[in-house]
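# Results of the structural survey
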Amino acid sequence: MHKVDFEMVEMTLDVMKYAIGRLTHPSPELGKPKNEAELKALVGETITPLGIGGEKAFNLFKDVLIKATVPIDHPRHLAFVPASPTKAAVMFDLVTSASSIHGAYWMEGAGGIFCENEAMKWLVSLTGLPEGAFGVFTSGGTAANLSAMVTAREFWRKDPSNRGKKGIVITSSGAHSSVKAMAKVIDCDVLLVETEEEMTSKALKEKITSLDPQERQRLFAVVATGGTTNAGIIDDLFGIGDLCQEENLWFHVDAAYGGGALASKTARSLFKGLEKADSITIDPHKWLFSPYDCGAILYREPELAKEAHSQEGSYLEIFNDDGARGFNPSDYQIQLTRRVRGLPLWFSLAMHGTDKYSWAVDRGIELANLAGELITKNPLVELVREPSLSCVVFRRLGWSSEDYTKWTYKNQREGFALVTPTKFKVQGEYETVARFCFINPATTEEDISMILASME
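Presented here is a report on the structure given in the accompanying data block. The structure displayed is predicted, hence computed values, not measured ones.

Rules and cut-offs
- Residues numbered from 1 in each chain as written.
- Predicted model: local features only at pLDDT ≥ 70, side-chain atom pairs only at ≥ 80, totals over all residues.
- Heavy atoms only, no water.
- Helix = DSSP H or I, 4+ residues; strand = E, 2+ residues; numbered from the N terminus.
- Rg over C-alpha atoms; globule rule 2.2 N^0.38 Å.
- Buried < 20%, exposed > 50% of the residue type's maximum accessible area, 1.4 Å probe, protein only.
- Contact = heavy atoms within 4.5 Å.
- Core = buried A, V, L, I, M, F, W, Y, C linked by side-chain atoms within 4.5 Å.
- Pairing = 2+ DSSP bridges.
- Axes fitted to C-alpha atoms, helices over the stretch in contact; angles between N-to-C directions.

## Some remarks on the overall build of the protein chain
The helix and strand tally for the protein chain stands at 16 helices and 11 strands. What you see for the protein chain is a C-alpha radius of gyration of 23 Å, in line with the 23 Å of a compact globule of 456 residues. Each principal axis of the C-alpha atoms in the protein chain carries an extent, and together these give about 65 × 65 × 45 Å. Here the protein chain holds 456 residues, and the buried ones make up 52% of them. Sequence-distant contacts, at least 24 apart, represent 73% of the contacts inside the protein chain between residues at least 6 apart.

## Thoughts on the side chain of serine 172
When you line up the elements, serine 172 lands in strand β2 (residues 168–172). For serine 172, the contacting residues outside a window of four places in its chain are Leu192, Val193, Thr195, Met199, Val223 and Asp235.

## Quick notes on the nonpolar core
What tends to happen in soluble globular proteins is that the nonpolar side chains get buried as a cluster. In this structure, Met149, Phe220 and Trp287 are the most contacted members of the largest nonpolar core, which totals 86 residues. Of all the elements, helix α5 (residues 106–127) adds the most residues to this core, at 8 residues. Those residues within four positions of phenylalanine 220 in sequence are excluded, and the remaining contacts are Met149, Ala152, Arg153, Trp156, Gly167, Ile168, Val169, Ile186, Cys188, Leu249 and Trp250. Counting residues in hydrophobic clusters, the runner-up holds 23 residues, among them Ala368, Leu383, Val419 and Ile451.

## Remarks on the environment of alanine 57
Inspection of the secondary structure puts alanine 57 in helix α3 (residues 54–65). According to the relative accessible area criterion, alanine 57 is partly exposed, its value standing at 36%. Sequence separation between alanine 57 and cysteine 244 is 187 residues; the distance between their C-alpha atoms is 55 Å.

## Considering the sheet that holds strand β10 (residues 421–426)
On the basis of which strands lie adjacent, the open sheet formed by 4 strands has the order β8-β9-β11-β10 and antiparallel pairing. Each edge of the open sheet is held by one strand with a lone partner, namely β8 (381–383) and β10. Each neighbouring strand pair of the sheet contributes to a mean axis angle of 50°, computed without reference to strand direction. Summarising the sheet, β8 and strand β9 (residues 391–396) pair through 3 bridges and their orientation is antiparallel. Bridge pairing in β9 links leucine 383 to phenylalanine 394. Along the sheet face, helix α15 (residues 401–413) touches β9, β10 and β11 (429–437) and points at about 25° away from the line of β11.

Structure below.
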């Protein structure tokens, strides 16, 4: 399996040909999902004692299996938070895998980690965090949020009176689902400020004041959102930051999606107060044009994260030796084994420069505003709220939730677009509505118009 023979050389050429074709394709095919039984019938048994051979396996993948997936970079994929990795980043993802770098410790991965850290310095510079702040790349927002909350809890438990207590975190009902998932992992309770709109410092203060004395002692962190997934809403970061300082609470900002807008020259001012955060989540694989999986967690005081996450073991002692000293990413987040997932971002930034990133992020905001104008002019649809960042939430007049679902599947079956509904609270009641999220600069006004026309 590990020898380079003629079959492997041929396979390498086939793979590179496929990769070049995919990279240069202006509009990849929008796949149509099939259930497991259908796929099994098409490909048969692929894992066998003797193997089916590289050529057959690869052909099954590119002729059958890839067509049952949705490319995240399709210009009419506007569901969830899509992605649009640069061609440079995708190319360097191949290089990253081929280089087989273990990215946990400087001793093994110094060159790759150095590159990651150069990209991280740029990220940190966008946030306004003070000198000494730094971060590390993770698998995504969930791992970043979890790493931050483990750090916050361990910092809280430095006070002996908090040891053994089950902590409490406050966030808004519009926060990302990973916040609740993270709380389950660290066994803490989550209390919600009930709002789909901006969580204000006033509303947060009222929530804190409503706690009984025992609950208040258990409260250790607040999670604000820098661009909600549903609608791109930014919480009152400045006011919440001040309140967290007054109340001695860890201030975490989940900007997994919205943090990309920090690269925008027009939108960065919307994040005033972000510099007050103790930790920040940003996902470059969302709005900073990296391939999956590339999240990031940034800390005001990285040493607190190191105290919480550093692992010990006889097989790890060598990394404490003077000859192995350097920045060890595994010390700052929950994962030990990790690939150098920040390398594709570094290469793309180095190749293109940060100005092009600013332009590409601004294009997503421009597309959202354009969509808002088209919706306002269309008598069949109306905005639920004004566009925020690159998100647009709107309704098709007269439609039920079933109509939205049928519309979504019809467009996907026809290979036209993937736009999914969501639920948004309007006047105290949740309503099924449509939603656009613009990430790909290649999306056009015509794409938006055609999608709206499909609702007729």
